[in-house]
Amino acid sequence: MLGTANATAEPLELALYARDAGVAEGHAVAVCWPATGAQLAAAVRVARAHGRPFVVRGSGTGLAGGATPLGDPVVIVTTRLDRILEVDARSRVAWVEPGVLNLDLSRAVRHLGLHYAPDPSSQQACTIGGNVGTNAGGPHCLAYGVTSAHVLAVEVVLPDGEVALLGGLAPDEPGYDLRGCFVGSEGTMGAATRIAVRLTPDPPEVATMLCAFASVEDAAATVSETIASGVLPAALEMMDAPITRAVEDFVGAGYPRDAQAVLLVEVDGLPAGVAEQAAQVEAIARAHGATAVRTAADEAERALLWKGRKSAFGAIARIAPDYYLHDAVVPRTRLVEVLGEIARIAAAHRLLVMNVFHAGDGNLHPLIVFDGREPGTWQRVRAAGTAILEACLDAGGVLTGEHGVGVEKRDLMPRLFGPDDLDAQARLRDAFDPDGAANPMKVLPRGSRCGELQRVPEGTWI
Amino acid sequence: MDLTPLQEAVASARTVVAVGARTQWRIGEPVAPDAAVVRAPAGVVRHEPADMTVTVGAGTPFGDLDRVLAAAGQECPLDPADPRATVGGVLAAGLSGLRRLRLGPLRDLVLEVRVVLGDGRVVKGGGPTVKNVTGYDLPRLYVGSLGTLGVLAQVTLRCRPRPTVSRWCRAPEPPPAGTRPSAVLWDGERVQVCFEGVRADVDAQCRGLPEIDGPVLPAGAHRGRISVPPGAVRPLAASLAALRGLRWCAQLGVGTVHVATDDVPALVAAREAAHAHGGWLLCEQGAPGLPAFGRPLPNAALMRRVKDAFDPDGKFAPGRLPLAGAPAAGARA
Ligand SMILES: Cc1cc2nc3c(=O)[nH]c(=O)nc-3n(C[C@H](O)[C@H](O)[C@H](O)COP(=O)(O)OP(=O)(O)OC[C@H]3O[C@@H](n4cnc5c(N)ncnc54)[C@H](O)[C@@H]3O)c2cc1C
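Keep in mind it's a predicted model, so treat the numbers as computed, not measured.

Things to note about the overall build of chain A
- Helix and strand content of chain A: 15 helices and 20 strands.
- When the backbone C-alpha atoms are referred to their principal axes, chain A occupies close to 65 × 60 × 40 Å.
- Every one of the 462 residues in chain A was classed for burial, and the buried ones make up 61%.
- Here the analysis covers contacts within chain A between residues at least 6 apart in sequence; of these, 71% occur between residues at least 24 apart.
- Accessible surface computed for chain A: about 16100 Å², of which carbon and sulfur atoms make up 52%.
- Considering chain A, the positive charge centre built from 39 side chains and the negative charge centre built from 55 side chains are found 3 Å apart.

Structural data, given as structure tokens:
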């Protein structure tokens with residue numbers, strides 16, 4: 001149906017699709033690259049006809065093992081479905097195929113004074129389909145909302161091979177918000193083949209500020225107070241000293257090397273509001289002992305400040321052989337104490353942890369850097385990771401803010417949800433996928449609903 | 001918040017309908033008259049001003065919530081037309097307010113839900129933080145579900161800073177690019193526009209425009225709400241303008257068109273126009289006997305499976321949503 005050029009069962013090629021950017025490893029029986037929505041639907045039907053589950057995959061930059069093939073599935077890769085189908089500048093809507101890269105969409109509409117607001121740090125590499133799968137976030141989601149707030153409609157191939165359009169361009173479609181259910185379902189409710197996204201007008205005025213601090217506590221307290229004071233920044237990102245220095249060495253973004261923490265704060269909107277909010281942020285930062293507050297003088301300086309933030313992971317890759325990136329959310333009032341706790345946990349496990357994260361919405365990304373070749377290190381990394389997540393939950397937080405549950409956090413779900421809660425989620429999933437054919441063994445732990453036995457794959461740390 | 005009385009009331013009844021303030025009771029098909037009436041508890045459980053979140057009983061009147069938030073310089077833009085509407089009722093009806101253009105739809109405001117299911121169990125979905133992708137998105141599923149998937153008992157909502165100035169003006173035409181209106185209403189002749197923010201920005205955007213007390217929406221015995229893709233509003237407007245006795249007002253950039261009339265046939269004609277432009281007309285008031293939705297719901301078979309998954313005995317709001325297939329009494333234990 002797809003032709004041999006578009007599908008393979010060669011072991012060497014299959015191995016390339018055994019995992020995503022996370023640590024869990026699985027095994028696919030076949031991989032295919034459909035070039036049209038109809039081919040994608042056909043691939044689902046072929047897999048089902050052969051009694052195989054299927055896993056839809058974008059760029060494989062997911063960090064929770066969402067695209068890791070478990071249960072010997074067929075992997076369906078969307079990277080050839082990469083067309084921007086339609087841009088309606090007047091209605092500010094674009095229809096795209098799922099394999100369109102996030103940043104390519106914003107680039108394609110830039111000349112219209114529009115952009116696609118969700119901007120994950122991986123936006124040069126990840127697909128809009130993958131973003132829909134994980135309900136991806138990014139720095140600018142603080143004011144503008146995560147992926148779900150920007151997806152108006154999704155055409156999906158349901159796990160039985162039927163095609164359905166969920167949501168629509170008209171507001172308040174009657175009936176259940178199936179679109180809302182699908183976004184963030186990590187490939188367990190079917191595969192998106194076409195997506196209608198909202199485009200956002202570029203703000204008339206932007207102020208981007210870099211605030212330096214002599215301690216992580218001062219920076220965190222500035223974040224909490226900024227939110228509490230009623231300022232709603234477009235973005236509010238934090239980096240601690242090790243990250244700041246690594247980034248500075250890597251791209252020379254003009255970050256202060258001697259700071260213990262920096263905040264990258266952006267406010268946007270109309271001129272007077274921007275001026276007022278920028279002044280407020282500066283006053284709060286200074287009241288918390290900011291050692292420097294610098295506002296980007298022009299677009300070039302602004303771009304450089306953001307380049308630093310978005311290169312953080314590339315910078316780490318240069319200095320440590322391995323890293324483990326976590327993702328959890330805590331209430332914004334608890335940042336100071338949770339960051340302190342994370343530092344204590346890292347010290348207790350003799351590990352280096354760095355922090356670069358979406359501070360404005362409390363979305364922590366503790367990054368453990370290590371050398372996995374040293375015996376026993378992986379055990380310590382796992383133990384520290386679990387302790388960090390527990391600390392976040394104890395502070396009233398949740399397991400994941402944007403990377404998803406996948407297989408990584410699947411078995412931690414009972415820490416946040418009771419049996420009845422998990423049962424309800426399992427029922428919702430079953431309504432979409434009664435046979436469990438779409439991305440099996442993900443998101444919900446075994447036994448959420450009289451479940452089948454699920455093996456935890458090698459390499460997961462849970 | 002003690003949910004046990006609600007749990008017991010739900011568990012012991014054969015069929016159940018959750019009632020708020022009945023301000024949007026006409027939304028959806030009529031519920032079977034013998035369904036037992038239940039009410040969610042009222043009251044603000046927890047407001048975390050520094051985290052911009054609030055947890056309330058779903059029976060809390062919007063006006064009460066708004067007063068609590070206003071005291072802290074915040075708001076939660078549920079924006080029901082009638083402030084007596086309960087939080088749970090607004091969410092279950094799922095109809096966003098006039099400021100959707102700038103503040104987004106209702107469904108983006110809900111962080112966590114606690115719902116009572118048919119056997120009296122309480123199920124939690126979502127989480128208390130402002131960002132969260134842990135598990136499936138039950139909060140969004142419940143927004144607009146019209147009480148057919150269980151009773152919303154308690155919800156956690158996202159708040160935002162209350163604008164220092166909020167002003168409605170009349171204008172000859174929609175505001176130009178570069179402005180940031182919260183709402184633009186157009187009735188074919190006049191524009192009513194809402195600007196919010198700091199005073200200097202609002203003043204600059206309102207320059208030369210006469211201020212008005214607040215928006216005026218079409219009135220009449222029979223009211224409806226049309227939803228079309230935003231780009232279809234102008235062609236639709238041309239059709240509506242030709243209908244005798246129909247008054248209408250569109251939310252530009254959103255695609256919602258409020259219509260009102262004193263004779264039902266005009267509403268029926270407006271519905272036909274909505275269908276011709278790729279949309280819907282939902283009955284909001286009056287129009288006795290007129291079907292609530294006017295067209296089969298999209299993906300009705302999938303919606304039916306969702307309904308059966310959460311309400312296997314067909315206990316909640318029987319009749320409200322016209323879904324394919326028979327009510328699945330006892331379909332799943
Ligand atoms: C350096 C780095 C930085 C990152 N920064 C961020 C960040 O700031 N914010 C953030 O949210 N994430 C971030 N991520 C994680 C990752 O980029 C996102 O999760 C992204 O959304 C994944 O997109 P992808 O195309 O790679 O999808 P994949 O990894 O291929 O798949 C992700 C999930 O989506 C499902 N999926 C893929 N395509 C479809 C489809 N068409 N229909 C239905 N389901 C589908 C898959 O089954 C899987 O469960 C980062 C990752 C890296 C490596």
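Re the domain arrangement of chain A
All names here are of chain A.
- Once the domains are mapped, chain A shows domain 1 (4-77), domain 2 (86-201), domain 3 (205-313), domain 4 (320-394) and domain 5 (410-454).
- The straight-line distance from the C-alpha centre of domain 3 to that of domain 4 is 22 Å.
- The partner domain 4 presents 16 residues to the 17 residues of domain 3 that form the contact.
- Carbon and sulfur atoms make up 70% of the surface buried where domain 3 meets domain 4, a total of about 1500 Å² over both sides.
- A per-residue breakdown of the area domain 3 buries against domain 4 is headed by Met-238, Ile-243 and Phe-313, which together make up 34% of the total.
- The interface formed by domain 3 and domain 4 contains zero salt bridges.
- There are six residue pairs in polar contact (both at pLDDT 80 or more) connecting domain 3 and domain 4.
- Mapped onto the side of domain 3 that touches domain 4, the elements with two or more residues apiece are helix H7 (216-228), strand E13 (235-240), helix H8 (241-251) and helix H11 (312-319).
- Top element by residues in the side of domain 3 that touches domain 4 is H7. It accounts for seven residues.

Remarks on empty space enclosed by the protein
Residue and element names in this part refer to chain B.
- Scanning the model with the defined rule gives one cavity of 30 Å³ or more in all.
- Approximately 40 Å³ is the volume attributed to the largest cavity.
- Mapped by element, the contributors of at least two residues to the lining of the largest cavity are strand E14 (222-227) and strand E17 (280-285).
- Here the residues of the lining of the largest cavity sort into four nonpolar, one polar and two charged.

Looking at the packing of H7(A) against helix H9 (residues 271-287) of chain A
All names here are of chain A.
- Where H7 meets H9, the axes come as close as 9 Å, and the angle between the chain directions of the two elements is 140 degrees. By the criterion of interaxial angle, the relationship of H7 to H9 is oblique. Considering the relative orientation of H7 and H9, their crossing is right-handed. Residue-level inspection shows Thr-222, Glu-225 and Thr-226 of H7 in contact with H9, the latter providing Val-281, Ile-284 and Ala-285.
- Of the residues contributing to the contact of H7 with H9, the split by class is three nonpolar, two polar and one charged.

Observations regarding the sheet that holds strand E5 (residues 84-88) of chain A
Residue and element names in this part refer to chain A.
- Pairing in this open sheet of five strands is antiparallel, and the strands run E5-E6-E10-E8-E9 from one edge to the other. Of all the strands in the sheet, just E5 and strand E9 (163-167) have a single pairing partner and so form its edges. Across the sheet, the mean angle from the axis of one strand to that of its neighbour is 15 degrees, orientation sign disregarded.
- Where helix H2 (residues 37-49) meets the sheet, it contacts strand E8 (151-157), E9 and strand E10 (191-198), and its direction lies at approximately 140 degrees from that of E10.
- Those strands touched by helix H3 (residues 102-109) are E5, strand E6 (93-96) and E10, and its axis lies near 40 degrees from that of E5.

The rules we used
- Residues numbered from 1 in each chain as written.
- Chains lettered and ligands numbered in written order.
- Predicted model: local features only at pLDDT ≥ 70, side-chain atom pairs only at ≥ 80, totals over all residues.
- Heavy atoms only, no water.
- Helix = DSSP H or I, 4+ residues; strand = E, 2+ residues; numbered from the N terminus.
- Buried < 20%, exposed > 50% of the residue type's maximum accessible area, 1.4 Å probe, protein only.
- Contact = heavy atoms within 4.5 Å.
- Areas by Shrake-Rupley, 256 points an atom, 1.4 Å probe, with all protein chains shown as cover.
- Lys, Arg positive; Asp, Glu negative; His and termini not counted.
- Charge placed at Lys NZ, Arg CZ, Asp CG, Glu CD.
- Domains from an automatic or database assignment.
- Buried area = accessible area lost by both parts, 1.4 Å probe.
- Salt bridge = Lys/Arg side-chain N within 4 Å of Asp/Glu carboxyl O.
- Polar contact = N/O pair within 3.5 Å; in protein donor to acceptor, adjacent residues only side chain to side chain.
- 1 Å grid on protein atoms, 1.4 Å probe; cavity = no way out; pocket = protein on both sides within 12 Å on 5 of 7 lines; lining within 4 Å.
- Points joined across faces, edges and corners; volume = space filled by probe spheres on them.
- Nonpolar A, V, L, I, M, F, W, Y, C, P; charged D, E, K, R; others polar.
- Axes fitted to C-alpha atoms, helices over the stretch in contact; angles between N-to-C directions.
- Parallel < 35°, antiparallel > 145°, perpendicular 65-115°, else oblique.
- Left-handed = near helix turned anticlockwise from the far one by under 90°.
- Pairing = 2+ DSSP bridges.

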